[in-house]
Amino acid sequence: MIGEGPLWEDSQQTLMFVDIAGQKIHRWNPSTNQSEAVETEDSVGFVVPRRSGGYVAGVGRSIVAVDWSTQMMTSLVEVDEDKPNNRLNDGKVDPRGRLLAGTMAREERPAEIQRQQGSLFSVTSDLSVTKHLTQLDISNGMDWSLDQKTFFYIDSLSLTVVAFDYDTDSGRLGNRRVVYHLAEGEGLPDGMTLDADGCLWVAIYNGGRVIKIDPETGVCLQSISLPVTKTTSCCFGGPDFCDLYVTSASLGLDQSESCKQPLAGGVFRISGLGVRGCASLSFSG
């Protein structure tokens, strides 16, 4: 329904992703085409591997530990306790192992929410929680620069990708500036990832594409269209991290749109990005 949060787990050579509204965490092995899923019993915004084993996920307003073998979940900490209508959305782990996760109001309809209800938090291994940003609409894509000194972030309804100076020791953010701004009507910036050259790849929700941005110049270097409009997030994976996996959503499409987009809600693999002009797209299921 809402595919999101793709993450390549290199040790297992598997792709993790979530279905937010379908309330499931998925794990897929491209080599064997084997797929497994764990049900979460509430909306799930993200999943990340845990150093001690298993995973950590954002379920409802709780950061939970996930034991894949038993399919058991244990709540570790809750956020936005004063906002029961909120839920966790995107989350990622910084270079020091600190989890950053954002919240938003639960949707009335896809991408239609009560505004300025979200926040961005960090959670450390001792489960201390720090709130970094408030009055967010849809806390979404995030990643760090290659030198780990810059944090890139998206609040989708602002139509911008922003950057902050990032202190890896403390996790503090500072010096906010805009890296890229989408024009009205181009879609919403959603999840994103960083490539080996330090460029950002951003999925454009309601825009049917992923774009490559140079964060130093703010220039869009490449745009790749997909056969679905609600592209949600992306990550690099595969044995050499040369494939770009892109998640998408089907929730919110009317009957006519669903007929025109039979692959909506699927996960796609874009390969050949190392060769200019030679990218190829395949449907991964």
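Below you will find a few notes about this structure. Keep in mind the model is a prediction, meaning the values are calculated, not measured.

## Points about the pairing of strand β15 (residues 160-166)
The element β15 is largely enclosed, with a buried count of 6 among its 7 residues. As defined by bridge partners, strand β14 (residues 150-155) adjoins β15 across 6 bridges and the pair is classed as antiparallel. Each residue of the ladder has a partner; that of I154, found in β15, is V161. In textbook terms, the turn of a hairpin is the stretch between consecutive antiparallel strands, and for β14 and β15 this stretch comprises 4 residues, one of which, L159, has a positive phi near 65°. Here 6 bridges tie β15 to strand β16 (residues 173-181), and the two strands are oriented antiparallel to one another. The residue bridging T160 from the neighbouring strand is H181, located in β16. If you look at the hairpin formed by β15 and β16, you'll find 6 residues sitting between the two strands, and G171 has a positive phi there, around 80°.

## Thoughts on the sheet that holds β16
The antiparallel open sheet is built from 4 strands, whose spatial order is β13-β14-β15-β16. The open sheet is flanked by β13 (139-144) and β16, the only strands paired with a single partner. The average undirected angle you get between the axes of adjacent strands in this sheet is 25°. Alignment of β13 against β14, held across 4 bridges, turns out to be antiparallel. Within the sheet, the bridge partner assigned to S139 lies in β14 and is D155.

## Remarks on unusual backbone geometry
Phi at E41 takes a positive value of approximately 70°, unusual for a residue other than glycine. Looking at where E41 falls in the secondary structure, it is placed in the loop between β4 (34-39) and β5 (44-49). According to the relative accessible area criterion, E41 is exposed, its value standing at 74%.

About the cut-offs
- Residues numbered from 1 in each chain as written.
- Predicted model: local features only at pLDDT ≥ 70, side-chain atom pairs only at ≥ 80, totals over all residues.
- Heavy atoms only, no water.
- Buried < 20%, exposed > 50% of the residue type's maximum accessible area, 1.4 Å probe, protein only.
- Helix = DSSP H or I, 4+ residues; strand = E, 2+ residues; numbered from the N terminus.
- Pairing = 2+ DSSP bridges.
- Axes fitted to C-alpha atoms, helices over the stretch in contact; angles between N-to-C directions.

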